[in-house]
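# Coordinates in review
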Amino acid sequence: MTDARPALPAVHKLLAEVEERGLTHDAPREVIVQAIRETIDIARSSDGATPDGGWAQAASRRIREKQKPSLVPVVNATGVILHTNLGRAPLPDVAREAIARTAGYATLEYDLATGERGSRQAHLRTLLREVTGAEDALVVTNAAAAMVLILNAVAAGGETIVSRGELVEIGGAFRIPDILEKSGSALIEVGTTNRTRLRDYVAALSPRTRCALKVHRSNFRLSGFVTEVEIPELVEAMEPRRVHVIHDIGSGLLLDLSSHGLTGEPLVQPSIEAGATVVFSGDKLLGGPQAGIIAGPAAVIAQAATNPFTRAMRPGKTVVAALEATLALYRDRPTAMAKIPTLAMATADPDTLRAQAAELAARIPGATTQPGTSSVGGGSFPDAVLPTTLVAVPAEHPETLLSALRAQEPAVVARAGEGRVLFDPRTLQAGDGDHLVRATAAARQMAGETG
Ligand SMILES: *Cc1c(COP(=O)(O)O)cnc(C)c1O
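Everything quoted here is computed from the prediction, not taken from an experiment. (Residues numbered from 1 in each chain as written. Predicted model: local features only at pLDDT ≥ 70, side-chain atom pairs only at ≥ 80, totals over all residues. Heavy atoms only, no water.)

### A word on the overall build of the protein
Going by this rule: Numbering of helices and strands runs from the N terminus, with a helix taken as a DSSP run of H or I at least four residues long and a strand as a DSSP run of E at least two residues long. Exposed residues in this analysis have more than 50% of their type's maximum accessible area, buried residues have under 20%, and partly exposed residues fall in between, with area computed by a 1.4 Å probe over protein chains only. Any pair of residues with heavy atoms lying within 4.5 Å of one another is described as a contacting pair. Working definition of accessibility: Shrake-Rupley area with a 1.4 Å probe, residue cover restricted to the visible protein chains.
For the protein, the helix and strand inventory stands at 18 helices and 18 strands. For the protein, the spread of C-alpha atoms along the principal axes amounts to about 85 × 55 × 50 Å. The 451 residues of the protein split such that 47% are buried. Intrachain contacts of the protein at a sequence separation of at least 6 include 73% that bridge at least 24 residues. Summed over all atoms, the accessible surface of the protein reaches about 21800 Å², with 51% contributed by carbon and sulfur.

### Some points on the packing of aromatic side chains
Counted only if it meets this: Any pair of Phe, Tyr and Trp rings, taking the six-membered ring for Trp, is counted once the centres come within 6.5 Å. Such a pair is stacked with planes under 30 degrees apart, edge-to-face with planes over 60 apart, and tilted for the rest. For a Lys NZ or an Arg CZ to count as sitting over a ring, it must be within 6 Å of the ring centre and within 35 degrees of the ring normal.
Taken as a whole and assessed by the stated rule, the structure comprises zero aromatic pairs. Its guanidinium or amino end placed over the ring of F225, R195 lies 3.7 Å from that ring's centre, counting from NZ or CZ.

### Focus on the packing of helix α1 (residues 11–20) against helix α3 (residues 55–67)
When two helices pack together, you describe them by how their axes are tilted relative to each other and by the distance separating the axes. Formally: Axis geometry follows a simple rule: fit a line to the C-alpha atoms, using only the stretch in contact for helices, then measure angles between N-to-C directions, giving values from 0 to 180 degrees. When describing relative orientation, an angle under 35 degrees is termed roughly parallel and one over 145 degrees roughly antiparallel, while 65 to 115 degrees is termed roughly perpendicular and anything else oblique. Three classes are used: nonpolar for Ala, Val, Leu, Ile, Met, Phe, Trp, Tyr, Cys and Pro, charged for Asp, Glu, Lys and Arg, and polar for all others, with Gly counted as polar.
The geometry of α1 relative to α3 is characterised by a closest axis approach of 9 Å and an angle of 75° between their N-to-C directions. Between α1 and α3, the angle falls in the class roughly perpendicular. Side by side, α1 and α3 meet where L14, E17 and V18 of the first sit next to W55, A56, A59 and I63 of the second. Tallied by class, residues from the contact of α1 with α3 come to six nonpolar, no polar and one charged.

### Describing the domain arrangement of the protein
Applicable threshold: Domain borders in the structure are assigned automatically or taken from a domain database.
Each assigned domain of the protein is listed with its residue range as follows: domain 1 (8–67), domain 2 (74–83 + 343–447) and domain 3 (93–332). In this structure, domain 1 and domain 3 have C-alpha centres spaced 52 Å apart.

### Let's talk about the sheet that holds strand β17 (residues 415–417)
Quick note on the threshold: The rule for pairing is simple: two strands pair if DSSP sees at least two bridges between them.
With mixed pairing, the five strands of this open sheet are ordered in space as β2-β14-β15-β18-β17. Edge strands, defined here as strands with exactly one partner in the open sheet, are β2 (80–82) and β17. When the angles between neighbouring strand axes are averaged without regard to direction, this sheet yields 40°.

Below, the structure written as structure tokens:
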């Protein structure tokens with residue numbers, strides 16, 4: 001039998017052609033050869049036909065693909081402010097500048113006054129005390145790590161009391177019973193799913209009790225016949241028995257947003273004021289880099305600071321730089337509200353959003369605006385319905401257009417509606433609008449949508 005398939009080019013010949021025609025994108029030779037092999041392999045495993053634009057161009061496209069970093073910026077047009085898959089909080093400008101400024105050598109653990117070793121925590125401790133009111137604080141890689149650390153430090157080998165209504169799973173693999181097990185503390189469940197009273201905690205006390213843990217049910221709500229114990233009464237009952245109260249609060253909300261209609265998310269300060277040790281994330285509402293913050297009584301923080309997990313979970317200099325810059329903005333409420341993107345987006349004025357949507361829609365042929373809602377995301381303010389105005393781009397196949405939008409540079413991530421693709425101006429950052437207009441035109445052409 002004869003093979004009717006067209007002949008594939010030889011690697012060395014294609015390599016010579018790519019080099020001769022200057023199509024290498026200055027890639028290392030290894031990458032060029034690999035890209036050429038892959039280009040040929042792909043053709044072999046399909047019909048063996050010459051790719052669009054010829055072999056050399058196809059190899060060149062592949063070389064370019066291989067040179068691209070894997071982690072790239074995107075335009076978030078979804079309206080989900082804390083989109084975990086998109087890196088949660090976009091950093092304030094001052095935090096970006098702080099990262100760039102300290103990316104070389106920096107005083108991470110160096111005291112310039114003495115020329116001796118310093119502490120990476122020192123850059124954050126004073127600010128955290130100032131903005132949370134806590135006696136002391138400690139920063140690790142994320143809140144899940146902070147939970148393992150603090151529970152291990154105060155409750156390993158002993159018992160931790162938790163309400164059955166708070167044995168939650170947050171964002172996939174974070175489950176309170178598993179975290180307790182890994183931190184070496186025995187879980188003592190009290191109460192029922194919907195009602196736990198102070199006397200349930202008190203009845204569970206034993207000589208082995210080290211800690212009472214309260215967990216904020218970040219991503220869901222219990223409603224109806226519900227009773228739970230508030231932090232101040234829990235601390236008051238536990239303190240005489242030398243039992244710590246730890247509050248896993250999740251989002252790190254430091255400013256009261258109730259005047260903007262955002263309620264139901266606990267603030268950090270009241271729990272600290274009541275005497276609890278609070279654990280929260282740096283990259284949720286707080287609006288900084290990924291970090292886990294533990295703030296509370298000096299004695300508890302000292303116990304955590306000497307725990308070996310602290311060394312295993314310490315934050316790197318880019319995190320310290322970005323968190324210091326973000327926390328400094330909290331010294332002044334108006335500054336924080338204006339300069340921390342998560343807070344600015346969560347409290348954006350509906351009229352401004354409507355005007356932004358109208359302006360965008362006017363620049364995209366066939367686009368209209370429609371009322372819609374954005375969400376905070378990241379398990380924060382799960383009930384909040386943030387009114388917004390969406391830009392609706394008509395599309396016969398919305399999923400195809402979404403995919404073409406993701407193929408743009410930078411990629412645009414948006415939502416699909418019935419016969420349309422939807423852009424929410426709430427999560428667009430400075431300069432995103434112009435890109436969105438261009439990217440939509442290019443994506444429509446790519447997806448065969450006329451508009
Ligand atoms: C998000 C969240 C966590 C986990 O925080 P990470 O910083 O993502 O590790 C833990 N507890 C609560 C209540 C949360 O909302």
